[in-house]
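# Results of the structural survey
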Amino acid sequence: MSDKDFGGNDDLSLPKATVQKIINEVLASPAIQGEHGPTLSFAKETRDLLIECCVEFITMLSSEANEIAEKEAKKTIACEHITKALEELGFGDYVPELVAVADQFKSSQVTRERKQTKIEQSGMTNEELIRAQEELFRSAGEKYNSVASPGEA
């Protein structure tokens, strides 16, 4: 797949509010503000241009990673395909930070609390759950059977 396969798709975008939040966080950083407080603002048209650039970058990067994965006969794009794509596109300087963030994400997923299912939240034993299910089936059957058929009225 090449970049041209994705060209002209105006439906691709990023949420403006999310991008604006990122911009605000960057502009609020001490490295940008300096010692006299905020000195820069970001025009809405500039934000929209930034969004277009980000979409183009993501499209280009994912297309390159897809080609790398296809060459390796893989059906899923993995982190190493993204890092190879970054290097091939001339963005190799970003690879160490990307790997660090990916490792941090993986470790956070391991220690993340698993959400309980509704069944686990109920606090009922399997036997209690089966009895409750049977009771629901029984009451549903009674309701169904108690409704008169159109010809019996």
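Further up the page is the structure itself.
Here the structure is a predicted model, which means the values were calculated and not measured.

### Brief notes about the overall build of the chain
- A count of helices and strands for the chain gives seven helices and zero strands.
- Ordering the α and β elements of the chain from the N terminus gives α-α-α-α-α-α-α.
- Taking all 153 residues of the chain together, 14% fall into the buried category.
- Residue pairs in contact within the chain that sit at least 24 positions apart in sequence constitute 47% of those at least 6 positions apart.
- For the chain, the exposed surface amounts to about 12600 Å²; the carbon and sulfur share of it is 57%.

### Digging into the pattern of salt bridges
- Following the criterion strictly, the structure yields five salt bridges and no others.
- Linking Asp48 and Arg47 is a salt bridge whose minimum nitrogen-to-oxygen distance equals 3.3 Å.
- One salt-bridge network, held together by shared partners, links Lys16, Arg47 and Asp48.

### Details of unusual backbone geometry
- Phi is positive for Ala73, close to 60 degrees, though the residue is something other than glycine.
- Note on Ala73: relative accessible area 67%, which makes it exposed.

### Observations concerning the packing of helix 1 (residues 16–27) against helix 3 (residues 44–71)
- At a minimum axis separation of 10 Å, helix 1 and helix 3 run at an interaxial angle of 105 degrees. By the criterion of interaxial angle, the relationship of helix 1 to helix 3 is roughly perpendicular. For the pair helix 1 and helix 3, the contacting residues are Lys16, Val19, Gln20 and Ile23 in the first and Arg47, Asp48, Leu50 and Ile51 in the second.
- Residue classes in the contact of helix 1 with helix 3 are distributed as four nonpolar, one polar and three charged.

### Considering the packing of helix 3 against helix 4 (residues 79–88)
- Between helix 3 and helix 4, whose axes approach to 8 Å, the crossing angle comes to 115 degrees. One finds that helix 3 runs roughly perpendicular with respect to helix 4. Our pair here, helix 3 against helix 4, has a crossing hand that is right-handed. In this structure, helix 3 uses Phe57, Leu61, Glu64, Ala65, Ile68 and Ala69 to contact helix 4, whose residues at the interface are His81, Ile82, Lys84, Ala85, Leu86 and Glu88.
- Classifying every residue of the contact of helix 3 with helix 4 by side-chain character gives eight nonpolar, one polar and three charged.

Procedures and definitions
- Residues numbered from 1 in each chain as written.
- Predicted model: local features only at pLDDT ≥ 70, side-chain atom pairs only at ≥ 80, totals over all residues.
- Heavy atoms only, no water.
- Helix = DSSP H or I, 4+ residues; strand = E, 2+ residues; numbered from the N terminus.
- Buried < 20%, exposed > 50% of the residue type's maximum accessible area, 1.4 Å probe, protein only.
- Contact = heavy atoms within 4.5 Å.
- Areas by Shrake-Rupley, 256 points an atom, 1.4 Å probe, with all protein chains shown as cover.
- Salt bridge = Lys/Arg side-chain N within 4 Å of Asp/Glu carboxyl O.
- Axes fitted to C-alpha atoms, helices over the stretch in contact; angles between N-to-C directions.
- Parallel < 35°, antiparallel > 145°, perpendicular 65-115°, else oblique.
- Nonpolar A, V, L, I, M, F, W, Y, C, P; charged D, E, K, R; others polar.
- Left-handed = near helix turned anticlockwise from the far one by under 90°.

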